[in-house]
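# Residue-level structural notes
Residues per chain, in single letters:
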Amino acid sequence: MNTETQNKTKEVTQKTMRITGCEAIIRCLIEEGVDILYGYPGGAIMPVYDELYKFRDQIHHVLTRHEQGATHAAQGYARISGRVGVAMATSGPGATNLITGIADAQIDSTPLVCITGQVSSHLLGSDAFQETDIVGISTPVTKWNHQVTTASEIPEVIAKAFYIAKSGRPGPVLIDITKDAQFEEFDFSYKKCTGIRSYNPVPKTSKESIEAAAVLINQAKKPMVVWGQGIILGKAEAELKAVIEKAGIPSAWTILGASALPTSHPLNIGMVGMHGNYAPNRLTNECDVLIAIGMRFDDRVTGNLATYAKQAKIIHFEIDPAEVDKNVKTDVAVLGDAKSSLAAILPLLNAKTHPEWLKEFKDLYDIEFEKVIKNDLHPTKEGLTMGEVLNEINTQTKGNAAIVSDVGQHQMIACRYADFNVTKSNITSGGLGTMGFALPAAIGAKMAAPDREVVAIIGDGGYQMTIQELGTIFQQKIPVKIVVLNNEFLGMVRQWQQLFFDKRYASTEMTNPDFVTIAKGYYIEAKRVKKREDLAEAVKEMIASKEAYFLEVCVEKEDNVFPMIPSGASVSDIRLS
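All figures in this text were calculated on a predicted structure; none of them were measured in a lab.

We now examine the overall build of the protein. Summing up its helical and strand segments, the protein has 24 helices and 20 strands in all. Against the compact-globule benchmark of 25 Å for 577 residues, the protein has a radius of gyration of 25 Å, which places it among compact chains. Seen along its three principal axes, the alpha-carbon backbone of the protein occupies a region of about 80 × 60 × 50 Å. Looking at the 577 residues of the protein, the share that counts as buried comes to 58%. Partitioning the intrachain contacts of the protein with sequence separation of at least 6 by distance along the chain shows that 77% fall at a separation of at least 24. When the accessible surface of the protein is split by element, carbon and sulfur atoms take 52% of a total near 23,400 Å². Put simply, the protein has 59 plus and 68 minus side-chain charges, and the middle of one group is 4 Å from the middle of the other.

You can see His410 is positioned in helix 18 (residues 409–417). Within the structure, His410 has its side chain in polar contact with the backbone nitrogen of Val407 (distance 3.4 Å). A distance of 3.3 Å separates the side chain of His410 from the backbone nitrogen of Gly459, its partner in a polar contact. Excluding residues that lie within four positions of it along the chain, His410 makes contacts with Met386, Ile457, Ile458, Gly459 and Leu485.

What follows concerns the nonpolar core. Formed by 97 residues in total, the largest nonpolar core has its most connected members in Leu290, Ile293 and Ile315. For this core, the element with the most residues is helix 16 (residues 355–377), which contributes 6 residues. Per-domain counts for this core show at least three residues from each of domain 2 (207–361) and domain 3 (378–554). Beyond its immediate stretch of four places on either side in the chain, Ile315 contacts Ala213, Leu216, Ile217, Val289, Leu290, Ile291, Ala292, Val332 and Val334. Within the second largest apolar cluster, 51 residues are counted, among which are Ala74, Met447, Leu470 and Ile482.

Cut-offs used in this document
- Residues numbered from 1 in each chain as written.
- Predicted model: local features only at pLDDT ≥ 70, side-chain atom pairs only at ≥ 80, totals over all residues.
- Heavy atoms only, no water.
- Helix = DSSP H or I, 4+ residues; strand = E, 2+ residues; numbered from the N terminus.
- Rg over C-alpha atoms; globule rule 2.2 N^0.38 Å.
- Buried < 20%, exposed > 50% of the residue type's maximum accessible area, 1.4 Å probe, protein only.
- Contact = heavy atoms within 4.5 Å.
- Areas by Shrake-Rupley, 256 points an atom, 1.4 Å probe, with all protein chains shown as cover.
- Lys, Arg positive; Asp, Glu negative; His and termini not counted.
- Charge placed at Lys NZ, Arg CZ, Asp CG, Glu CD.
- Polar contact = N/O pair within 3.5 Å; in protein donor to acceptor, adjacent residues only side chain to side chain.
- Core = buried A, V, L, I, M, F, W, Y, C linked by side-chain atoms within 4.5 Å.
- Domains from an automatic or database assignment.

Laid out in structure tokens, this is it:
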């Protein structure tokens, strides 16, 4: 046998081997570059965990304390790294406990691959112990799902899952694998998926749409950009910056778009939406061309659609054709990847400035500063505000930290006041609004980016939904920083009750445990701050710590987050008090 034939034989041997389905699952994950896996074992997935034990030097498994924590940790991992997050659970309740995180990932376009064990194929449909139809349950909240009943399907299905999860508009995929398929032997080989028939993840950008968009932008007297997470997912930060700087366009962001452009950039005019900044919300209804990039015109951004930007020509840069004209009728739709689309339009744009238009934003910002921002960041009242806590964290981290926020008043404060100098720095639950998201998501974020400071900002309500993940932090020795802003209320609900339900605080006041003692019970260094004079030193100590650190800050019980667009109102009706 000559050397060439020997090499070919060796190559085939390496790529084809007779193994079990459960070993194949692990080898597939390794082929896809998975280094961290979040999960919780159980009967129907136990064979896979047995194989995972043998490959523990190649894949680090993180035992979360709840399966929902596994999906949120995988989300945090994906959001800060740009890679696919992976979670695994058993059948029945293990699988159903993944659903909230999967639904969160679906609406926020986060690439996940979730693997669940299932009862043996001959028991399907028999109401066997811990059997649920997880494929049926997850269909509405996954980009794709599939049930595997024979081992030979595993390589192709997993390859397809990773391709679908990360291609085009990302999203979660679920693979359900029966127990007999895990034990069955077959001849294994692996080939990464590079395309699927009839699936076109990135639509072709037409030259005509680029040219039409450029004409509208060049003609505009009062143009305005609203960008979303599509900029970050498409790695188009540099292209966005180049476009808005050349055309001199004031640019606002949705919650998930935050950090794509540094907070301090002169054309960054702030956040749109229900608790966004005064100027970009008000002037949405005064611009003559509205350029939406990688955002989906969510109701929290648009307010009343009947009055949203009716005076403006609408240009929509979007990778997902289903989002075009879904909520807001566009004049020009530019389909395709944001990075390539913005690069294509750049040379067609005229170099311009809009000083008078920009002054309108500055004037409205000054009003917001006097009526809201100054009181949030530099309060004169005795009690601590959430805003001044964020301001102190900005000072201590110099705006370079990744902020992982939960859902509620603290989330809006974090998004409004955190300084973002680095992309992929705002990790939060946007579309689904999942309380309990932040603590496990911060775990995933810190493990994916160990060199970055990761600070979780959480309310006392959401914190208790996933507080058990302190056990994961302790066991894995993850040096994440946890800040609980404790107002002893479900703050956002209480704010609505105050403003719209005559202060009937129905089931929103919290009687909380001793959070510091609980953290110390998990061997996590902890401190409580109640006075303003103690805040700076406590935050400094937290940031300086090389280990996990818990900081509870007792803030004003009945502070509200303003500005605010009342539900169903126009963006022009934004309130400052």
